[in-house]
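# Descriptive structure summary
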Amino acid sequence: MELVSCDTFVVLADKTESGEIIFGKNSDRPCGEIQEVVHYPSQSHQKDAKLKCTYIEIDQVEKTHAVILSKPEWMWGAEMGANEHGVVIGNEAVWNRLSNGSEDLIPRLLGMDLLRLGLERGATAREALDTITLLLDTYGQGGQCSNIISDFSYHNSFLIADQKEAWVLETAEKLWVAELVTTGVRNISNCMSITTNITLCHPDLKPRAKKNGWWDGETDFNWCQVIGVTAGDLTDPGSRFSCGRKLLETGASQNKFDVSSMMSVLRDEPSGINRPSGNFPTAGSQVSIL
């Protein structure tokens with residue numbers, strides 16, 4: 001499968017010149033799609049209010065946080081953004097053993113809807129993660145992910161950060177795992193990247209994996225191996241995931257990583273992280289200091 005999506009990065013405080021966390025993402029989208037930057041203020045809602053996302057209606061919460069989003073204009077959700085509490089999120093398209101072309105096109109919550117919901121409802125990175133996983137379990141993920149390319153759908157991974165920490169959240173259908181990151185650097189691309197360093201996971205993940213013969217129940221549980229990496233190769237030095245990780249590690253090697261360093265990563269064309277043209281060009285970028 002051609003890797004046709006984005007890259008998201010975070011450098012933790014121990015590796016930056018200012019002692020702050022630096023987040024960055026490039027959003028690569030179908031050529032011709034409009035991506036807009038919008039602000040929505042915090043709002044209070046009636047107790048029984050409903051919310052129409054891109055395709056489905058869900059229960060609204062009583063208060064939502066102010067957000068700045070970079071989003072395709074046709075959908076409710078967003079590719080990346082930040083909220084008033086300093087929480088930032090970027091998402092990636094991923095494929096796995098549970099990916100199913102027809103099933104994944106059934107209208108549910110898009111990954112981009114989940115991203116916006118995490119920002120609107122989470123005052124910390126952990127709260128945003130809990131929001132996304134709860135909604136994923138309640139409503140599921142799915143639906144057409146483009147208004148230009150037909151039959152285009154995928155599951156999602158997320159990089160969520162605040163002023164204290166970062167979380168990598170990777171999903172397959174309603175299953176998920178999360179990795180807490182408090183030091184160093186981390187990036188995600190169009191591949192599962194969590195292996196055995198699992199901080200949190202869906203309560204049904206391991207029982208289901210053992211029942212279905214994906215895991216023997218005795219060896220270390222390796223998410224990448226269990227769920228099946230069908231797009232992206234973590235060991236390929238030429239992959240965008242590997243190139244992005246190397247760019248972060250090189251830039252942070254002297255603990256002097258700064259905003260210009262992140263912008264340099266996002267501008268890197270040889271790796272494919274920056275795509276100035278083609279069918280899936282880079283449509284928007286975000287750099288945030290937390």
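Residues numbered from 1 in each chain as written. Predicted model: local features only at pLDDT ≥ 70, side-chain atom pairs only at ≥ 80, totals over all residues. Heavy atoms only, no water.

On to the overall build of the chain. If you tally the helices and strands in the chain, you get six helices and 16 strands. Relative to the globule expectation of 19 Å for 290 residues, the C-alpha radius of gyration of the chain, 18 Å, shows essentially globular dimensions. Judged by the C-alpha coordinates and their principal axes, the chain covers about 50 × 50 × 35 Å. In the chain, 70% of the contacts between residues at least 6 apart in sequence involve partners at least 24 apart. Put simply, the chain shows about 12200 Å² of open surface, and 47% of that area lies on carbon and sulfur atoms. (Helix = DSSP H or I, 4+ residues; strand = E, 2+ residues; numbered from the N terminus. Rg over C-alpha atoms; globule rule 2.2 N^0.38 Å. Contact = heavy atoms within 4.5 Å. Areas by Shrake-Rupley, 256 points an atom, 1.4 Å probe, with all protein chains shown as cover.)

Time to look at the pattern of salt bridges. If you walk through the whole model with that rule in mind, you get twelve salt bridges. In this structure, D7 engages R240 in a salt bridge whose closest nitrogen and oxygen atoms are separated by 2.5 Å. Of this pair, D7 sits in strand β1 (residues 7-11) while R240 is found in helix α5 (residues 240-251), placing the two residues 233 residues apart along the sequence. Judged by relative accessible area, which is 6%, R240 ranks as buried. E79 is the partner of K25 in a salt bridge, and the nearest nitrogen-oxygen pair spans 3.5 Å. Of this pair, K25 sits in strand β2 (residues 22-28) while E79 sits in the loop between β8 (67-72) and β9 (80-83), and the two are 54 residues apart along the sequence. Given the relative accessible area of 0%, K25 is considered buried. (Salt bridge = Lys/Arg side-chain N within 4 Å of Asp/Glu carboxyl O. Buried < 20%, exposed > 50% of the residue type's maximum accessible area, 1.4 Å probe, protein only.)

Now for the pairing of strand β11 (residues 155-161). Among the seven residues of β11, seven are classified as buried, and the element is accordingly described as predominantly covered. Neither face of β11 is exposed, since H155, S157, L159 and A161 on one face and N156, F158 and I160 on the opposite face are all buried. Where strand β10 (residues 88-94) and β11 come together, seven bridges link them in antiparallel fashion. Residue pairing across strands places A93 opposite N156, the latter belonging to β11. (Pairing = 2+ DSSP bridges.)

So, about the sheet that holds β1. Strand order in the open sheet formed by four strands is β14-β1-β2-β16, with antiparallel pairing between adjacent strands. Only two strands of the sheet have a single neighbouring strand rather than two, namely β14 (185-188) and β16 (282-289). Direction aside, the axes of adjacent strands within the sheet are offset by 10° on average. Against the sheet, α5 engages β1 and β14, with an angle of about 160° to β14. (Axes fitted to C-alpha atoms, helices over the stretch in contact; angles between N-to-C directions.)

Our next topic: the side chain of H202. Tracing the chain through its elements places H202 in the loop between β15 (200-201) and α3 (205-211). With relative accessibility at 6%, the residue H202 sits in the buried group. Side-chain polar atoms of H202 contact the backbone nitrogen of D204, separated by 2.9 Å. Contacts of H202, omitting those with residues within four sequence positions, involve D137, K174, L175 and W176. (Polar contact = N/O pair within 3.5 Å; in protein donor to acceptor, adjacent residues only side chain to side chain.)

Time to look at helix α2 (residues 125-139). Here α2 is 15 residues long and its end C-alpha atoms lie 21 Å apart, about the 21 Å a rise of 1.5 Å per residue gives. All buried positions along α2 are accounted for by A125, A128, L129, T131, I132, T133, L135 and L136. (Expected span 1.5 Å × (residues − 1).)

Another aspect to go through is the layout of surface pockets. The rolling of a water-molecule-sized probe over the atoms marks out the regions of remaining empty space. Put simply, the largest pocket is a space of about 170 Å³. Lining the largest pocket are 14 residues, with I68, L69, G81, A82 and Q286 positioned closest to its centre. Of all elements in the fold, only β3 (35-40), β8, β9 and β16 reach the threshold of two or more residues within the lining of the largest pocket. Partitioning the lining of the largest pocket into residue classes produces seven nonpolar, six polar and one charged. (1 Å grid on protein atoms, 1.4 Å probe; cavity = no way out; pocket = protein on both sides within 12 Å on 5 of 7 lines; lining within 4 Å. Points joined across faces, edges and corners; volume = space filled by probe spheres on them. Nonpolar A, V, L, I, M, F, W, Y, C, P; charged D, E, K, R; others polar.)

With that out of the way, let us pick up the sheet that holds β3. With respect to topology, eight strands assemble into an open sheet ordered β3-β8-β9-β10-β11-β12-β13-β15, the strand pairing being antiparallel. Lying at the two open borders of the sheet, with one neighbouring strand each, are β3 and β15. In this structure, strand β12 (residues 166-172) lies alongside strand β13 (residues 175-181), joined through seven bridges in antiparallel fashion. Residue pairing across strands places L169 opposite A178, the latter belonging to β13. Of the strands in this sheet, β3, β8, β9, β10 and β11 touch helix α1 (residues 111-121), which is tilted by about 165° from β10.

Spatial relationships are all this shows, so hold off on functional conclusions.
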